[in-house]
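Here are the chains, one letter per residue:
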Amino acid sequence: MSVYLHDIPLNQAQAKFQEALQSADLWRVLSVEEIPLDENALGRVTAEPIWAQISSPHYHASAMDGFAVRAEDTVGAQPSSPIQLPITNYELPKAQYVDTGDPLPDWANAVIPIENVESLDENGQITSVIRQPSAVRIRASVTPWSHVRPLGEDIVATQLVLPAGHILRPVDLGAIAASGHQTIKVSRKPKVAILPTGSELVPIGSALKPGDILEYNSLVLASQIKQMGGEATRYPIIKDDFDLICEKVLEASQTHDLILLNAGSSAGAEDFSAKVVEKLGTLLVHGVAVRPGHPVILGTLDRRPQTAVSGQPSVIPIIGVPGYPVSASLTVDIFVEPILAKWLGRKQNELQTEEAILTRKIVSPAGDDDFVRVAVGKVGDKLLAAPLSRGAGVITSLVQADGLALIPSGTQGIDAGEKIQVKLYRTKSEIEKTILAIGSHDLTLDLMAQFLAEKNRRLASANVGSQGGLVALRRGEAHFAGSHLLDPQTGEFNISYIRQYMPNIKVKVVALVGREQGLIVKKGNPKGIKSLGNLSTRSQERDALSSSKRSVQFVNRQKGSGTRTLLDYYLNQLKIPHEYIAGYHQDEYTHLGVATAVASGRADCGLGIAAAAQALDLDFIPLFQERYDLVIPKQFVEFLTPLFDLLTDSRFQEAVSQLKGYDVSIMGTIILEDE
């Protein structure tokens, strides 16, 4: 009976896997090794407590350059009545010069810093001879053990220096050395084999053809394993061949502690991972109620007696990792991290959790634990979480994410404005320096993010369209919004919409760029498109286009975006109902999304900016000029000082001007400023 897609809850899947490892005596520190005390010990985990073998310092040491004295001999010294302490002509001197770190003479119990004494010659005159004067004059008394590091001040022999299960830091290595050790006993690094499978996979750097997929999951997974304290082996790509996969898995099982079999974990014709585990061992779980990462495989493999190394456990755990990059990465975080933590004897890595307010509604499958990537920023006194793209294959969503929010099983979603727990990938300090932009997409925002990083500011943006950005500002969910909404009544950009969507909110509106909007078409414009009129199905029929130019498929921007508002305005001017535009309801959220749809053949054309066409080597038919503004609530003007400085930065202006279709002459112009 297949156990695929039984929607096992996450906690049950983890418990089942842990029970199997406990039964195999694998829920413990794997083994211990003794290594030299050097910089290579950094990041290793102590396998046993470290006790001090010696004290540090192991003698009473001078903490300053100066003169060792008996504190009682200094009693009564004052600026007006100094005391003179002879150094020569006494069997038992009353002062002796010492350097920092020198042993304190047996008779002394304090040190007077060199700057607090006057060195005297045999005639009682001040001399420049410091180390061997005849006497010293002091004008203040000292207390016993002043400026002395007593024996054991730092470490006392036999005291605990570090506990077991501690991840070694640079300062820890110094403390271990100071306590008399030359070697350390640490947990052995778990060895993890990563086997990428799939006939469609090609190595990084390959010349790509349609159907090829770059294999970089193993790079990401290996880096995660290293960060967790393990030692990863990346195997070459294995084609979709059941026997070959079995052979490579068996090979890896002889020299590793854990196997990650990447891709092939679903239920397609060439998804062999589950069958491989069933043949070579025990399939425990196939399918976990978690998104992304649903088709996870958990199992154990039987080590073959004839090839097993003496002392090895009889079984080895194996995890079938989904092929989509986001699913793969989160699977390692969820299932591999607890195992490696146990094997290394350390605590599990825990991200700082903060409560944030959700900026946009999230719909979630009721039966799954849903992990959502979010951008996080502090706007005023509110910590906000803006959901990012949720595709399991969108690895850039993990790059852009500031945190991870969990929508637990049994919840069908969370409304905008509700509170949600977010595990932060970044520090609170980084979050507090983050500028949160929600609104219209523009390529200059990516350049802006790079330049702001030089000013110790981070820009996190969410593309929801111009109207969505103004609504976000009204709710107090962003520091600024990019907007280019054309008022069909006045021909003015943004002002009327700001008053409509942000009543009673004082704003500063600054022009960022002038932009050229037009039709993005395939290279060579095979459909012969020249204007919006060519998009109308009636126009196509009337003009009796050839079969190669008939039925132009359009791709639109989402409802509420400035580009869609612009399109609707001009379609109305041309008296073209949107029902006559094939693909009018096919939406993209960015200009690059539109260009990608055209480049991939999903559409023949779309309305967008020239820079997006340039980015993907497409043709561009210019149609309109527009102004793209930054709308900023007055309360955030001071916080955004680095942004205003950037608008007058000639380097930034030059970088933007290199993008096709941009006019930077208006950059920084104040369009509106409420008093």
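Because the structure is a prediction, the values reported are computed rather than measured.

Visitor: Describe the overall build of the chain, and please don't skip the residues or the numbers.
Guide: The helix and strand tally for the chain stands at 17 helices and 39 strands. The C-alpha atoms of the chain give 35 Å as radius of gyration, which overshoots the globular expectation for 675 residues (26 Å, by more than 25%). Looking at the 675 residues of the chain, the share that counts as buried comes to 50%. Long-range contacts, defined as pairs at least 24 residues apart, comprise 75% of the intrachain contacts of the chain with a sequence gap of at least 6.

Visitor: Now, about helix 14 (residues 591–600): what can you tell me, with residues and values included?
Guide: Of the positions making up helix 14, those classed as buried are His-591, Gly-593, Val-594, Ala-595, Ala-597 and Val-598. Tucked inside the fold, the buried residues of helix 14 contact strand 33 (507–521), strand 34 (554–557), helix 13 (562–573), strand 35 (587–588), strand 36 (605–609) and helix 15 (610–615). One or two steps after helix 14, the chain reaches Gly-601, where phi turns positive at roughly 95°.

Visitor: An account of the packing of helix 1 (residues 10–23) against helix 6 (residues 325–344) is needed here, citing residue identities and associated values.
Guide: Here helix 1 crosses helix 6 at 35°, and the two axes come no closer than 11 Å. Crossing angle aside, the handedness with which helix 1 passes helix 6 is right-handed. Residues Leu-10, Ala-13, Gln-14, Phe-17 and Leu-21 of helix 1 form the contact with helix 6, whose participating residues are Ile-334, Phe-335 and Ile-339. Considered class by class, the residues forming the contact of helix 1 with helix 6 number seven nonpolar, one polar and no charged.

Visitor: I'd love a proper account of the environment of His-181, names of residues and values included.
Guide: When you line up the elements, His-181 lands in the loop between helix 2 (170–178) and strand 13 (183–187). In this structure His-181 touches Leu-37, Ile-50, Trp-51, Gln-53 and Ile-176, once residues within four positions along its chain are discounted. Polar side-chain contacts of His-181 include one of 2.6 Å to the backbone oxygen of Trp-51.

Visitor: Before we move on, could you go through the nonpolar core and cite the residues and values that matter?
Guide: One recurring pattern in soluble globular proteins is that nonpolar side chains are buried together. One finds Met-448, Leu-470, Phe-480 and Ile-520 to be the most contacted residues of the largest nonpolar core, which totals 67 residues. The leading source of residues in this core is strand 33, at six residues. In terms of nonpolar packing, the next biggest core, distinct from the first, is built from 38 residues, Val-288, Leu-298, Ile-319 and Phe-371 among them.

Visitor: Summarise helix 6; cite the residues concerned and give the values.
Guide: Over its 20 residues, helix 6 extends 26 Å from the first C-alpha to the last, a length consistent with the 28 Å expected when each residue adds 1.5 Å. In the stretch just after helix 6, Gly-345 is the one whose phi turns positive, near 80°.

Visitor: If you had to explain the environment of Glu-72 to someone new, which residues and values would you point to?
Guide: Assignment of secondary structure puts Glu-72 in the loop between strand 5 (66–69) and strand 6 (83–86). Note on Glu-72: relative accessible area 48%, which makes it partly exposed. When the C-alpha atoms of Glu-72 and Trp-107 are compared, they prove to be 12 Å apart, with 35 residues separating the residues in sequence. Side chain to side chain, Glu-72 and Asn-109 meet in a polar contact 3.4 Å long.

Visitor: An account of the pattern of salt bridges is needed here, citing residue identities and associated values.
Guide: Scanning all chains against the criterion turns up 30 salt bridges. Arg-515 is the salt-bridge partner of Asp-442, the closest N and O atoms lying 2.4 Å from each other. Placement of the pair is Asp-442 in the loop between strand 30 (434–439) and helix 9 (444–453) and Arg-515 in strand 33, with a sequence separation of 73 residues. Both residues of the pair, Asp-442 and Arg-515, count as buried. Glu-492 is the partner of Arg-627 in a salt bridge, and the nearest nitrogen-oxygen pair spans 3.1 Å. Here Arg-627 is found in strand 37 (residues 619–633), whereas its partner Glu-492 is found in the loop between strand 32 (481–483) and helix 11 (495–501), with 135 residues between them in sequence.

Visitor: An account of the packing of helix 4 (residues 242–253) against helix 5 (residues 273–280) is needed here, citing residue identities and associated values.
Guide: Here helix 4 crosses helix 5 at 55°, and the two axes come no closer than 10 Å. Judged on the interaxial angle alone, helix 5 and helix 4 are oblique. In the packing of helix 4 onto helix 5, the handedness of the crossing is right-handed. Residues Phe-242, Asp-243, Ile-245, Cys-246, Val-249 and Leu-250 of helix 4 form the contact with helix 5, whose own contacting residues are Lys-275, Val-276, Lys-279 and Leu-280. Per-class residue counts for the contact of helix 4 with helix 5 are seven nonpolar, no polar and three charged.

Visitor: Before we move on, can you summarise the sheet that holds strand 10 (residues 135–138) with the specific residues and values?
Guide: Adjacent strands of a sheet pair through backbone hydrogen bonds, lying either parallel or antiparallel. Reading across from one edge, 6-10-9 is the order of the three strands in this open sheet, with antiparallel pairing throughout. Looking at the sheet topology across the chains shown, the edges are occupied by strand 6 and strand 9 (117–120). The average undirected angle you get between the axes of adjacent strands in this sheet is 25°. The pairing of strand 6 with strand 10 spans four bridges and is antiparallel. Bridge pairing links Leu-85 to Val-136 in strand 10.

Visitor: An account of the sheet that holds strand 8 (residues 110–113) is needed here, citing residue identities and associated values.
Guide: Taken together, the three strands give an open sheet; going across it, the order is 7-5-8, and neighbouring strands pair in antiparallel fashion. The strands lining the two open edges of the sheet, one partner per strand, are strand 7 (95–98) and strand 8. Each strand axis lies, on average, 35° off the axis of its neighbour in the sheet, ignoring direction. Pairing analysis gives four bridges linking strand 5 to strand 7, with the strands arranged antiparallel. Of the residues in strand 7, the one forming a bridge with Val-69 is Ala-95.

Visitor: Please provide a residue-by-residue account of unusual backbone geometry, values included.
Guide: Here the amide bond leading from Ser-56 into Pro-57 is cis, since omega sits at -10°, within 30 degrees of zero. Along the polypeptide, Pro-57 turns up in the loop between strand 3 (50–51) and strand 4 (61–62). Of the consecutive residues Arg-291 and Pro-292, the connecting peptide bond is found in the cis state with omega at -10°. Here Pro-292 shows up in the loop between strand 20 (290–291) and strand 21 (297–302). Even without being glycine, Asp-25 reaches a positive phi, approximately 55°. Within the fold, Asp-25 resides in the loop between helix 1 and strand 2 (32–36). For Asp-617, which is not glycine, the phi dihedral falls at a positive 55°. Structurally, the position occupied by Asp-617 is in the loop between helix 15 and strand 37.

Visitor: Describe the side chain of Asp-368, naming the residues involved and giving the relevant values.
Guide: As for its position among the elements, Asp-368 is in the loop between strand 24 (362–363) and strand 25 (369–379). Look at Asp-368 and you get buried, because its relative accessible area is 5%. There is a polar contact of 2.6 Å between the side chain of Asp-368 and the side chain of Arg-291.

Visitor: Go over the packing of aromatic side chains with me, naming the residues and quoting the values.
Guide: Given two aromatic rings, their pairing is described by the distance between the two centres and the angle made by the two planes. Enumeration over the complete set of coordinates arrives at five aromatic pairs. Centre to centre, the rings of Phe-67 and Tyr-97 are 5.6 Å apart; their planes meet at 75°, and the pair counts as edge-to-face. Highlighted residues: Phe-67 in strand 5 and Tyr-97 in strand 7, separated in sequence by 30 residues. Here Tyr-97 falls in the buried class, since its relative accessible area comes to 16%. Ring centres of Phe-242 and Phe-272 lie 6.2 Å apart, and the angle between their planes is 65°; on these two criteria the pair is classed as edge-to-face. In this pair, Phe-242 sits in helix 4 while Phe-272 sits in the loop between strand 18 (258–262) and helix 5, placing the two residues 30 residues apart along the sequence. In this structure Phe-272 comes out as buried when scored by relative accessible area, which is 14%. Three or more aromatic residues link up through ring pairs in this structure, and these residues are Tyr-569, Tyr-570 and Phe-624. Its guanidinium or amino end placed over the ring of Phe-644, Lys-508 lies 4.5 Å from that ring's centre, counting from NZ or CZ.

Criteria and cut-off values
- Residues numbered from 1 in each chain as written.
- Predicted model: local features only at pLDDT ≥ 70, side-chain atom pairs only at ≥ 80, totals over all residues.
- Heavy atoms only, no water.
- Helix = DSSP H or I, 4+ residues; strand = E, 2+ residues; numbered from the N terminus.
- Rg over C-alpha atoms; globule rule 2.2 N^0.38 Å.
- Buried < 20%, exposed > 50% of the residue type's maximum accessible area, 1.4 Å probe, protein only.
- Contact = heavy atoms within 4.5 Å.
- Axes fitted to C-alpha atoms, helices over the stretch in contact; angles between N-to-C directions.
- Left-handed = near helix turned anticlockwise from the far one by under 90°.
- Nonpolar A, V, L, I, M, F, W, Y, C, P; charged D, E, K, R; others polar.
- Polar contact = N/O pair within 3.5 Å; in protein donor to acceptor, adjacent residues only side chain to side chain.
- Core = buried A, V, L, I, M, F, W, Y, C linked by side-chain atoms within 4.5 Å.
- Expected span 1.5 Å × (residues − 1).
- Salt bridge = Lys/Arg side-chain N within 4 Å of Asp/Glu carboxyl O.
- Parallel < 35°, antiparallel > 145°, perpendicular 65-115°, else oblique.
- Pairing = 2+ DSSP bridges.
- Phe/Tyr/Trp six-rings, centres within 6.5 Å; stacked < 30°, edge-to-face > 60°.
- Lys NZ or Arg CZ within 6 Å of the ring centre and 35° of its normal.

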